Amino acid sequence: MTLKTTTEMEQMEQAPKPAVLTERIDIIDIIRGIALLGILILNIPYFSMEEYFTEPWSQDTANTNFWVHAVNIIFFEGKMRALFSMVFGAGIVLFTTNKEKAGKSATWLFYKRMIWLTLFGLAHAHLILWMGDILYFYGLIGMLAFLFRKMKPKYLAMGVPIVAIIGFVASTLFMQNIRGEYLEAKTAMEKQEAGEALGEKELEAIAAWEETRKEMIPNKDEVVENTALMKGSYSDVAGHVRPKAFDGQTKYLIFSIWDMLALMLLGIALYKWGFLTMKWTTDQYIKTIWIGYGIGLPLVIFSFVYNTIHFPNVEAGLKYIEEHSIMWVNLIYDFQRILIMMAHVALVIVLYQKGYLTRLMNGLRAVGQLAFTNYVMHSVICTLVFFGYGLNQYAEWEYYQLYYLVIGIWIFQLVISPIWLKYFLFGPLEWLWRCLTYGRVQPFVRK
């Protein structure tokens, strides 16, 4: 099947400016659209549910919530984020290649683009109040990925297993630090309960653990307090969300870099190999589907069952880390999600090559073209539905009921995005980002 592109003519007068002819690769927009819609599946519980929302039904196989959650974990959790990061990496090459072929430097233009994306991310997290924002991280990590864009694909792809191992080691060290704090504090508290006097070191151990526990493992009273804040005014919600978002963007930034960087580099490699531009044969894509699902699904199902058995609640989790210094099952995570993500992409490409689901593909392509606007729209809709200053539905719905709203948002964006692109060249946020990047007003209305 011939690779389709969507062409937009732009009348530009002065440098710096985008190329006169911009070509979009439809299949990459379609994959981006799928990733964008899929991310909402995993994000919406964190807009709407109190901490530990899975505990009441985490082992109840007769509960609808259990099976909805199982499907989400097996087919979507981690895979959609991986897919989005991979397509972002491919986008780095798409942004720079034509400019560099024309003998122009794309470096400063790209870094301006990433700086603005980082600032958009800060606004998304601290004004719209979505603590799970990825724009900030993509802006920063995109600057790093840019440095590797000319590397040979085989070396770029090697980043995935290397980073998976580095990530496992880093998370293990992090967990062991928490485990050490917990065990020291537990020993000190047992002495205290026995009526023994505690020394300064033991009191410090209790205080250190209490600080960590409050940040990462709030107790039931604190969960009630946090829920009340999320059901409060804008100021109440901001007071709860902003510190968590800030910690993620600063204190824990080092843990976020490697995963996203590796996946962006994988996206660059897959673009150069032709996987993302349909240069592989149909048989190769079908083989990818069989391998991805054939190995990935058994791994993720095993991991899901293992975690369901051993981590039904906080108490069980603490008991587990008390008895185990290393969580070997975590090694499975990165490998199963890459395998399943690759299978997802290969399946979409095969369906596209065979001309199936044409109307859906057209909708997904438009959603992908407007990914920035649609992503932020998810946050605006969800905050206004669930947070206290909106419809105040936080902690009011069953887990499975959230997906009625997800489907509603999907349908809206699949319908409205193609209609929008009939009249406009870009989404409103894409247009604003483009204007800021190039330093001048860009065309917006389609002629």
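Everything numeric here is computed off the predicted structure, so don't read it as measured data. (Residues numbered from 1 in each chain as written. Predicted model: local features only at pLDDT ≥ 70, side-chain atom pairs only at ≥ 80, totals over all residues. Heavy atoms only, no water.)

This structure, assessed with the given rule, holds 11 salt bridges. Here aspartate 259 ties to arginine 81 by a salt bridge, and the two come within 3.0 Å at their closest N and O atoms. Taken as a pair, aspartate 259 in helix α11 (residues 253-273) and arginine 81 in helix α3 (residues 79-101) lie far apart in primary sequence, 178 residues in all. For arginine 81, a relative accessible area of 29% gives the class partly exposed. When the shortest N-O distance is used, the salt bridge between glutamate 202 and lysine 191 registers 2.6 Å. Taken together, the residues span a long stretch of sequence, with glutamate 202 in helix α8 (residues 200-216) and lysine 191 in helix α7 (residues 159-193) at a distance of 11 residues. Exposure remark for lysine 191: the relative accessible area of 25% places this residue in the partly exposed category. It is possible to trace a salt-bridge network through shared partners that takes in Arg81, Asp259, Asp334 and Arg337. (Salt bridge = Lys/Arg side-chain N within 4 Å of Asp/Glu carboxyl O. Helix = DSSP H or I, 4+ residues; strand = E, 2+ residues; numbered from the N terminus. Buried < 20%, exposed > 50% of the residue type's maximum accessible area, 1.4 Å probe, protein only.)

Along the polypeptide, threonine 96 turns up in helix α3. What makes threonine 96 buried here is its relative accessible area of 2%. Side-chain polar atoms of threonine 96 contact the backbone oxygen of isoleucine 92, separated by 3.0 Å. Discounting chain neighbours no more than four positions away, the residues touching threonine 96 are Ala106, Phe146 and Arg149. (Polar contact = N/O pair within 3.5 Å; in protein donor to acceptor, adjacent residues only side chain to side chain. Contact = heavy atoms within 4.5 Å.)

Our next topic: the UniProt feature "domain: DUF418" (unreviewed entry) in the protein. The UniProt feature table records "domain: DUF418" (unreviewed entry) at residues 270-439. Secondary structure content for residues 270-439 is 75% helix and 0% strand, and the end C-alpha separation is 32 Å. (UniProt positions renumbered as here; feature names shortened; annotations may be inferred.)

Further remarks concern the side chain of glutamine 413. As for its placement among the helices and strands, glutamine 413 is situated in helix α17 (residues 402-423). Taking the relative accessible area as the measure of exposure, glutamine 413 reaches 0% and is therefore buried. Of the polar contacts made by the side chain of glutamine 413, one reaches the side chain of histidine 378; its length is 2.9 Å. Sequence-distant contacts of glutamine 413, defined by excluding residues within four places in its chain, comprise Leu36, Leu37, Val367, Asn374, Met377, His378 and Pro418.

At their nearest, the axes of helix α1 (residues 26-48) and helix α14 (residues 331-353) sit 11 Å apart, and the two run at 130° to each other. Relative to α14, the element α1 lies oblique. Two packed elements cross with a definite hand, and for α1 against α14 that hand is right-handed. Touching Asp26, Ile27, Ile30, Ile31 and Ile34 of α1 are Val345, Val348, Ile349 and Tyr352, all from α14. Its residues assigned to classes, the contact of α1 with α14 shows eight nonpolar, no polar and one charged. (Axes fitted to C-alpha atoms, helices over the stretch in contact; angles between N-to-C directions. Parallel < 35°, antiparallel > 145°, perpendicular 65-115°, else oblique. Left-handed = near helix turned anticlockwise from the far one by under 90°. Nonpolar A, V, L, I, M, F, W, Y, C, P; charged D, E, K, R; others polar.)

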